[in-house]
Amino acid sequence: MLQEKNYIAIRNSQINYYKNVGLYYAENGSFVLYKPPGKLMTDLRLEEERHPPELYIHQQDRIVAIKELQAGFNRHISRSIKTGNVVAVKSTLCHLVEETLTEPRSGTLQALPETVDTLVSGYSKNPEIIKTFASISFKDYSTVIHSVNVMALTLGFCFYSKMSFYETKRLGLSALLHDVGKTEIPEKILRAPRKLTRKEFNIMKRHPKLGEYIIRVKSGIDGGIARGALEHHEKLDGSGYPQGIQHISFVGQLLGIIDCYEALTNEERPYRRAKSPLDTLKLLKTDVEAGKFDRKIFEKFCYSLV
Ligand SMILES: [Fe+2]
Ligand SMILES: [Fe+2]
């Protein structure tokens, strides 16, 4: 008898994306091959739902399955940009990032440059849309939604600053990946409904270095992209972490400002209400006055929001 833990249930909305992995159904405690690898489910079968209600993939196929899903999501994002469905773009992007972050050490991050390329090409002629992106909220605020929002705000900044395509894509990708190290921080710390204890915060402070390692070493994405992950919690007065440096890369400085702005405006916690954009900018301005953030980058970011 096959063991249930070796099989993972898939979402029905995603069945059509799986080609190179086999799909299975459960019968009397066993798992039976339903769709062999190398074949797609036919549209007719999907439309008429002529398939078992619950389908599974084998645990061994997990990485191939994630890559097929990412490719399918990328196609869907591209189509939704063309039809102007910005909510579909954002929700598909969140699904894509969510899948990607389940196995970030297994090369799954490599699908994301294509995603960012599609977004930058799709929205560069209509940058107003990317501004609305961060305000489309979904019920469960998570690292995934935060990362997608930080990326959208970063692209808004790049479009406003008339940066080159190349630079815009690099900064967008860096933004999307800035918190990837959080995938290795225990869930109970990430979701603690209260302020973190000193011990918990020290564990949380590991995420920039972990992120840099996952991006640069584990995924082979160039080091410039990983700087954003490594330095987004550094402050110009040296009071940040993990290294307490005062010479921070541009991407580290920009993401530091946008990361704080996004978290304060969107993240609602039992002990802290989300703030309005204006109140948040006022608060960040005091950090500029205190020498923590660069004034020019901050001002440019403010203008990019208008
Ligand atoms: Fe972070
Ligand atoms: Fe963040």
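Residues numbered from 1 in each chain as written. Chains lettered and ligands numbered in written order. Predicted model: local features only at pLDDT ≥ 70, side-chain atom pairs only at ≥ 80, totals over all residues. Heavy atoms only, no water.

**Some words on the overall build of the chain**
At step 1: In terms of regular secondary structure, the chain is built from 14 helices and four strands.
At step 2: Against the globule reference of 19 Å for 306 residues, the chain gives a C-alpha radius of gyration of 21 Å, in line with a compact fold.
At step 3: Each of the three principal axes of the chain carries a C-alpha extent, and together these read 65 × 45 × 35 Å.
At step 4: Buried positions account for 47% of the 306 residues belonging to the chain.
At step 5: Considering only intrachain contacts with a sequence separation of at least 6, the fraction spanning at least 24 residues in the chain is 65%.
At step 6: Summing over all exposed atoms, the chain offers an accessible surface of approximately 15,500 Å²; the carbon and sulfur share of this is 52%.
At step 7: Taken as two groups, the 44 positive and 35 negative side-chain charges of the chain have centres that lie 3 Å from each other. (Helix = DSSP H or I, 4+ residues; strand = E, 2+ residues; numbered from the N terminus. Rg over C-alpha atoms; globule rule 2.2 N^0.38 Å. Buried < 20%, exposed > 50% of the residue type's maximum accessible area, 1.4 Å probe, protein only. Contact = heavy atoms within 4.5 Å. Areas by Shrake-Rupley, 256 points an atom, 1.4 Å probe, with all protein chains shown as cover. Lys, Arg positive; Asp, Glu negative; His and termini not counted. Charge placed at Lys NZ, Arg CZ, Asp CG, Glu CD.)

**Some words on helix H4 (residues 112–123)**
Residues spaced three or four apart along an α-helix point in a common direction, a consequence of the helix completing one turn every 3.6 residues.
At step 1: For H4, built from 12 residues, the straight-helix expectation of 16 Å at 1.5 Å per residue is met to within 8% by its first-to-last C-alpha distance of 16 Å.
At step 2: Of all the residues in H4, the buried ones are Leu112, Thr115, Val116, Thr118, Leu119, Val120 and Tyr123.
At step 3: Buried residues along H4 sit against helix H2 (62–83), helix H3 (86–100), helix H5 (127–133), helix H6 (143–160) and helix H7 (165–177). (Expected span 1.5 Å × (residues − 1).)

**Some thoughts on the coordination of the iron ion (ligand 2)**
At step 1: Looking at the iron ion (ligand 2), the protein donor atoms are His146 (NE2), His178 (NE2), Asp179 (OD) and Asp259 (OD), and they sit 2.0 to 2.2 Å from it.
At step 2: What the four donor atoms of the iron ion (ligand 2) show is an angle range of 80 to 174° at the metal, which sorts the shape as irregular.
At step 3: Read from N- to C-terminus, the donor residues coordinating the iron ion (ligand 2) fall into the pattern H-x31-H-D-x79-D.
At step 4: The distance between the iron ion (ligand 2) and the iron ion (ligand 1) comes to 3.5 Å, with Asp179 serving as a donor to both metals. Asp179 matches His178 in its accessibility class, with the two residues each being buried. (Donors = N, O, S within 2.8 Å, 3.2 Å for Na, K, Ca; no water. Tetrahedral: all angles 85-135°; square planar, octahedral: opposite > 155°, others 65-115°.)

**Things to note about the nonpolar core**
At step 1: By size, the foremost hydrophobic cluster in this structure holds 70 residues, and its most contacted members are Leu119, Tyr123, Phe133 and Ile215.
At step 2: Looking at this core, the element that brings in the most residues is H6, giving 11 residues.
At step 3: Built from parts of two domains, this core gets at least three residues from each of domain 1 (4–63) and domain 2 (127–305).
At step 4: Look past the residues within four positions of Phe133 in its chain and what remains in contact with it is Val86, Val89, Lys90, Leu93, Tyr123, Val148, Asn149 and Ala152. (Core = buried A, V, L, I, M, F, W, Y, C linked by side-chain atoms within 4.5 Å. Domains from an automatic or database assignment.)

**A short note on the coordination of the iron ion (ligand 1)**
At step 1: Coordination of the iron ion (ligand 1) by the protein comes from Asp179 (OD), His207 (NE2), His232 (NE2) and His233 (NE2), over a distance range of 2.1 to 2.2 Å.
At step 2: Each of the four donor atoms bound to the iron ion (ligand 1) contributes to angles spanning 84 to 172°, and the resulting shape is irregular.
At step 3: Mapped onto the sequence, the donors of the iron ion (ligand 1) take the spacing D-x27-H-x24-H-H.

**Quick notes on the pairing of strand E3 (residues 30–35)**
At step 1: Bridge count for strand E2 (residues 23–27) against E3 is five bridges, and the pairing is antiparallel. Bridging from a neighbouring strand, Tyr24 pairs with Leu33 of E3. (Pairing = 2+ DSSP bridges.)

**Considerations on the domain arrangement of the chain**
At step 1: Split into domains, the chain comes out as domain 1 (4–63) and domain 2 (127–305).
At step 2: On a C-alpha basis, the centres of domain 1 and domain 2 stand 37 Å from each other.

**Re the layout of surface pockets**
At step 1: Approximately 200 Å³ is the volume found for the second largest pocket.
At step 2: Lys131, Ala134, Leu153, Tyr261 and Leu305 are, among the 15 residues lining the second largest pocket, the residues nearest its centre.
At step 3: Elements that contribute at least two residues to the lining of the second largest pocket include exactly H5, H6, helix H12 (250–266) and helix H14 (295–305).
At step 4: The greatest single-element share of the lining of the second largest pocket, amounting to four residues, is contributed by H12.
At step 5: Its residues assigned to classes, the lining of the second largest pocket comprises eight nonpolar, five polar and two charged. (1 Å grid on protein atoms, 1.4 Å probe; cavity = no way out; pocket = protein on both sides within 12 Å on 5 of 7 lines; lining within 4 Å. Points joined across faces, edges and corners; volume = space filled by probe spheres on them. Nonpolar A, V, L, I, M, F, W, Y, C, P; charged D, E, K, R; others polar.)

**Examining the pattern of salt bridges**
At step 1: Under the definition given, this model contains 12 salt bridges.
At step 2: Among the ionic pairs, Asp222 bridges to Arg170, the shortest N-O distance being 2.9 Å. Taken together, the residues Asp222 in the loop between helix H10 (207–218) and helix H11 (223–231) and Arg170 in helix H7 connect sequence positions 52 residues apart.
At step 3: Between Arg295 and Glu289 there is a salt bridge, with its nearest N and O atoms 3.5 Å apart.
At step 4: For Glu289, a relative accessible area of 49% gives the class partly exposed.
At step 5: A cluster of three or more residues bridged by salt bridges with shared partners is formed by Lys285, Glu289 and Arg295. (Salt bridge = Lys/Arg side-chain N within 4 Å of Asp/Glu carboxyl O.)

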